[in-house]
Amino acid sequence: MPPLPHENVYVRLAPSDTHGVGVFAIKPIPKGTNLFGNDRVELVWVDEATLDSAGLSPAERRFYHDFGIARDGRIGCPVNFNNLTPGWYCNKPAAGSDPNVDVDGQLNFVAFRDIAEGEELTVRYSQFSEQR
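Residues numbered from 1 in each chain as written. Predicted model: local features only at pLDDT ≥ 70, side-chain atom pairs only at ≥ 80, totals over all residues. Heavy atoms only, no water.

Student: Got a minute to help me understand the sheet that holds strand β4 (residues 69–71) in this structure?
Tutor: Two orientations exist for strands paired in a sheet by backbone hydrogen bonds: parallel and antiparallel. The three strands are arranged β3-β5-β4 in an open sheet whose pairing can be described as antiparallel. Bordering the open sheet on either side are β3 (43–47) and β4, each of which pairs with just one other strand. Sheet twist, expressed as the mean angle between neighbouring strand axes with direction ignored, is 30°. (Pairing = 2+ DSSP bridges. Helix = DSSP H or I, 4+ residues; strand = E, 2+ residues; numbered from the N terminus. Axes fitted to C-alpha atoms, helices over the stretch in contact; angles between N-to-C directions.)

Student: How should I be thinking about the packing of aromatic side chains in this particular structure?
Tutor: Geometrically, a pair of aromatic rings is defined through the distance of the ring centres and the angle of the planes. Inspection of every chain in the model, using the stated rule, returns six aromatic pairs. An angle of 10° between the planes, with centres 4.5 Å apart, marks the rings of Phe63 and Phe81 as stacked. You can see Phe63 sitting in helix α2 (residues 58–67) and its partner Phe81 sitting in the loop between β5 (74–78) and β6 (101–103), a full 18 residues away along the chain. Given the relative accessible area of 35%, Phe63 is considered partly exposed. Classification of Phe81 as buried rests on a relative accessible area of 13%. Aromatic pair Tyr64 and Phe81: ring centres 5.0 Å apart, planes at 90°, arrangement edge-to-face. Pair noted here: Tyr64 is in helix α2 and Phe81 is in the loop between β5 and β6, with a separation of 17 residues, a long-range link. (Phe/Tyr/Trp six-rings, centres within 6.5 Å; stacked < 30°, edge-to-face > 60°. Buried < 20%, exposed > 50% of the residue type's maximum accessible area, 1.4 Å probe, protein only.)

Student: Honestly, the nonpolar core in this entry has me stumped. Any pointers?
Tutor: Side chains that are nonpolar tend, in soluble globular proteins, to be buried together. Core analysis: the largest hydrophobic core is formed by 27 residues, its most contacted members being Ile29, Leu35, Phe109 and Leu121. Of all the secondary-structure elements, those providing two or more residues to this core are β2 (21–25), α2, β4, β5, β6 and β7 (109–111). When sequence neighbours within four positions are dropped, the list of residues in contact with Leu35 reads Tyr10, Ile29, Val101, Phe109, Val110, Ala111 and Leu121. (Core = buried A, V, L, I, M, F, W, Y, C linked by side-chain atoms within 4.5 Å. Contact = heavy atoms within 4.5 Å.)

Student: Looking at this structure, I do not really get the side chain of Asn100. What am I missing?
Tutor: Looking at the element boundaries, Asn100 is found in the loop between β5 and β6. The exposure class of Asn100 is buried, given its relative accessible area of 2%. Here Glu120 takes part through its backbone oxygen, which lies 3.0 Å from a polar atom of the side chain of Asn100. Only 2.8 Å separates the side chain of Asn100 from the backbone nitrogen of Thr122, close enough to count as a polar contact. (Polar contact = N/O pair within 3.5 Å; in protein donor to acceptor, adjacent residues only side chain to side chain.)

Student: I keep staring at the environment of Tyr10 and nothing clicks. Help me out?
Tutor: Mapped onto the elements, Tyr10 comes out in the segment before β1 (11–15). Owing to a relative accessible area of 19%, Tyr10 belongs among the buried residues under this scheme. Through-space distance from the C-alpha of Tyr10 to that of Ile29 is 7.0 Å; in sequence the pair is 19 residues apart. Those residues in contact with Tyr10 that lie beyond four places of it in its chain are Phe24, Ala25, Ile26, Lys27, Ile29, Thr33, Asn34 and Leu35.

This is the structure we're talking about:
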């Protein structure tokens, strides 16, 4: 029997007390788990200069600000913003709190410690994106 769609899914989106929408554990997640290892949405890199000359509306520009990964004058994003998966909604931790998710050089989001069911997943954006 092929895997069911819920298998190897650890999170869901829900309202966040930290910031709008957040990512929450639907079951206990062990330290070291690659949280979105089955996410196969293609990532593209767009030059910021291209965006500056594209005549974007404020709402279109907001996609790149809210969800883009800034590196060396380029913005990494899904090939189409209709393909935003839960990982794109991870919030930064509340002031004075530590994140529970680490990001490696290949942009894998990995549980930094054991994460309890119902806990919001948080990450330091500075680990993988230049702050704008």
